[in-house]
Number of protein chains: 2
Amino acid sequence: MSETNDRPYHHGDLRRALIDTALAMLAANQNWAFTLREVARRTGVSHAAPYKHFRDREMLLRELASIGFVRLGETMTEAMSPARPSTRAQFVAAAQACIAFACQNPGLYRLMFSSDADKTIDPQLHATAMSTFGILVGLLERGQCDGSFRPVAVNALAAASWAQVHGLAMLAISHQLLEEKVGPAPVPAALDVLLDGMCCPD
Amino acid sequence: MSETNDRPYHHGDLRRALIDTALAMLAANQNWAFTLREVARRTGVSHAAPYKHFRDREMLLRELASIGFVRLGETMTEAMSPARPSTRAQFVAAAQACIAFACQNPGLYRLMFSSDADKTIDPQLHATAMSTFGILVGLLERGQCDGSFRPVAVNALAAASWAQVHGLAMLAISHQLLEEKVGPAPVPAALDVLLDGMCCPD
DNA sequence: CACACAAGTTTCTCCTGTAAACATGGAGGA
DNA sequence: TCCTCCATGTTTACAGGAGAAACTTGTGTG
């Protein structure tokens, strides 16, 4: 009972393992209806073990959401980093990266913006989300400096474009951007409409 | 035990009463974490009674979402109906009505677009949601006919504006449109940006 | 080398969703 | 009038889940 049992009493990094299991289940089912006990079971520990690392089920969900924001931020930063011909092109790339992220991780993306990952009760999560939002603001500020975007309050631009991108992502996840309903390339089309309003007339 | 008991064995319209209770709890807590048993309890019936009217808990949630779409549609239609100076003004009114609805019913609005009200498994709900979406499409079509909006695929316009309005609503609900961050009137500002891209240059 | 503490496990209670069997009372036919 | 059916209630039962409490195990540190 104690010899070749390859599961030592102490797991080593159970916290990470639980998060990985939960992320896998989130990706597999595209929802977070899983129970904490199921996560524990699949991770191979007792059902009470998770409580040593997460106060309750919701805290685990907020942790997942936080990871989602970090990954989304990385994705967007990466999409913007290659030398693009213009700030506008950088914006389009970042927006498309965000929407692609949502399509590839629909469960996680939904969780990030759901009330089950309540940002008002978790300063840490709120800060992480704001940091991701800041990537967009930074891009818009640079665009204003180089004359690409209109010199209105940057946060108004940020609200408008964040709303647009997030709205498109949600529509895409909900399969409401079907080609026969909305044309062959709705995302670039919608972004163009927005950018026509955001960019300086030239 | 049977005299002044003002609760007859048969409720009369338990289905409606359960829905009303659930809507009230949704509004009170701004989430749908309530249990079916709690709904039954507050409605004053046994915990199994709801199953005579809803196959399971999710079916009740979808019913609530459906009611939400109907109400949203009414609100938007109403906002558009008074004689407005222009189609553009009608659009702004409808969009603001939608966002106001979301702010006044954040729980319900979230539920309507959550995966717990899965539209892919409920044709009735899907149809109701599409009908509400159709109000927007109708307005855009009229605007194209009278030359207000650019003559591109109407569904592309619909996707762009729906994304924008829905995105703004979600941001507003999440209290991310604070004045100090985003200016005094972010919604009209964002809608203007969008409309500048949607309307015919003139 | 002892031992305190972090990280597991077991056990327990209360609650939920949902199924099944039973009860009730109003509506429609004999 | 009365009987019987059925929709709509209730009671009872059960499988699980959340989370608390008490117990166990090993490991790092004096």
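Residues numbered from 1 in each chain as written. Chains lettered and ligands numbered in written order. Predicted model: local features only at pLDDT ≥ 70, side-chain atom pairs only at ≥ 80, totals over all residues. Heavy atoms only, no water.

By the naming in an unreviewed UniProt entry, chain A is TetR family transcriptional regulator, taken from Gluconobacter frateurii NRIC 0228.

Undergrad: What am I meant to see in helix α9 (residues 186–198) of chain B here?
TA: Helical geometry note: an α-helix holds 3.6 residues per turn, so side chains three or four residues apart project in the same direction. Here α9 of chain B spans 18 Å end to end across 13 residues, near enough to the 18 Å set by a 1.5 Å rise per residue. Taken together, the buried positions of α9 of chain B are P186, V187, A190, L191, V193, L194, L195, G197 and M198 of chain B. Buried positions along α9 of chain B lie against α7 (154–173) and α9 (186–198) of chain A together with α4 (87–104), α6 (123–145), α7 (154–173) and α8 (179–182) of chain B. (Helix = DSSP H or I, 4+ residues; strand = E, 2+ residues; numbered from the N terminus. Expected span 1.5 Å × (residues − 1). Buried < 20%, exposed > 50% of the residue type's maximum accessible area, 1.4 Å probe, protein only. Contact = heavy atoms within 4.5 Å.)

Undergrad: How should I be thinking about the packing of aromatic side chains in this particular structure?
TA: Two aromatic rings, taken as a pair, are described by how far apart their centres are and by the angle between their planes. Here the structure, examined in full by the defined rule, presents 10 aromatic pairs over all chains. Between Y109 of chain A and F113 of chain A the ring centres are 4.9 Å apart and the planes differ by 50°, which places this aromatic pair in the tilted class. Accessibility expressed as a relative area gives 0% for Y109 of chain A, which makes it buried. By relative accessible area, which is 11% here, F113 of chain A ends up buried. Seen from their ring centres, F113 of chain B and W162 of chain B are 6.1 Å apart, and the 50° between their planes marks the pair as tilted. A residue pair is termed long-range when its members are at least 10 positions apart, and F113 of chain B in the loop between α5 (106–112) and α6 and W162 of chain B in helix α7 qualify at 49 residues. An aromatic cluster is present here, built from F69, Y109, F113, F133 and W162 of chain A joined pairwise through their rings. Here the guanidinium or amino end of R57 of chain A rests over the ring plane of F34 of chain A, the centre of that ring lying 6.0 Å away. (Phe/Tyr/Trp six-rings, centres within 6.5 Å; stacked < 30°, edge-to-face > 60°. Lys NZ or Arg CZ within 6 Å of the ring centre and 35° of its normal.)

Undergrad: Help me understand the domain arrangement of chain A, please; the structure alone is not making it clear to me.
TA: By a widely used convention, the size of an interface equals the accessible area lost when the partners come together. Residue and element names in this part refer to chain A. Considered domain by domain, chain A is made up of domain 1 (1–54) and domain 2 (58–198). On a C-alpha basis, the centres of domain 1 and domain 2 stand 31 Å from each other. Tallying the contact residues gives 10 residues for domain 1 and 14 residues for domain 2. Of the roughly 1,200 Å² buried between domain 1 and domain 2 on both sides combined, carbon and sulfur atoms contribute 82%. A per-residue breakdown of the area domain 1 buries against domain 2 is headed by L23, W32 and F54, which together make up 50% of the total. One salt bridge connects E63 with R15, and the closest N-O pair in it is separated by 2.9 Å. (Domains from an automatic or database assignment. Buried area = accessible area lost by both parts, 1.4 Å probe. Salt bridge = Lys/Arg side-chain N within 4 Å of Asp/Glu carboxyl O.)

Undergrad: In this structure, what is going on with the UniProt feature "DNA-binding region" (unreviewed entry) in chain A? I would like to understand it.
TA: With numbering aligned to this structure, UniProt lists the feature "DNA-binding region" (unreviewed entry) at residues 35–54 of chain A. Overall, residues 35–54 of chain A shows 40% helix and 0% strand. The separation of its end C-alpha atoms is 13 Å. (UniProt positions renumbered as here; feature names shortened; annotations may be inferred.)

Undergrad: What's the story with the interface of chain B and chain A in this structure? I'm lost.
TA: Each partner contributes residues to the interface: chain B has 30 residues there, and chain A has 30 residues. Carbon and sulfur atoms make up 64% of the surface buried where chain B meets chain A, a total of about 2,600 Å² over both sides. If you sort the residues of chain B by the area they bury against chain A, S115, K181 and V193 of chain B come out on top, with a joint share of 17%. At the junction of chain B and chain A, the tally comes to two salt bridges.

Undergrad: Is there a simple way to think about the relation of the copies chain B and chain A in this case?
TA: Each of the two chain copies can be brought onto the other by rotation about an axis and movement along it. Here chain B sits on chain A after a turn of 179° about the axis and a move of 0.0 Å along it, with an RMSD of 0.1 Å. What we have between these two chains is a two-fold relation. Taken as a fraction of all interface residues of chain B, those also at the interface in chain A reach 100%, which identifies the copy contact as same-surface. (Least-squares fit on C-alpha atoms with pLDDT ≥ 70 in both.)

Undergrad: Looking at this structure, I do not really get the packing of α4 of chain B against α9 of chain B. What am I missing?
TA: How two helices pack is summed up by the angle between their axes together with the distance between the axes. Residue and element names in this part refer to chain B. The contact between α4 and α9 brings their axes to 11 Å, and the two run at 140°. Taken together, the axes of α4 and α9 are oblique relative to one another. Regarding α4 and α9, the two cross each other, and that crossing is right-handed. Residues R88, F91, V92, A95, Q96 and I99 of α4 touch α9, and the partners they reach there are V187, P188, L191, D192, L194, L195, D196 and M198. For the contact of α4 with α9, the class distribution of residues is 10 nonpolar, one polar and three charged. (Axes fitted to C-alpha atoms, helices over the stretch in contact; angles between N-to-C directions. Parallel < 35°, antiparallel > 145°, perpendicular 65-115°, else oblique. Left-handed = near helix turned anticlockwise from the far one by under 90°. Nonpolar A, V, L, I, M, F, W, Y, C, P; charged D, E, K, R; others polar.)

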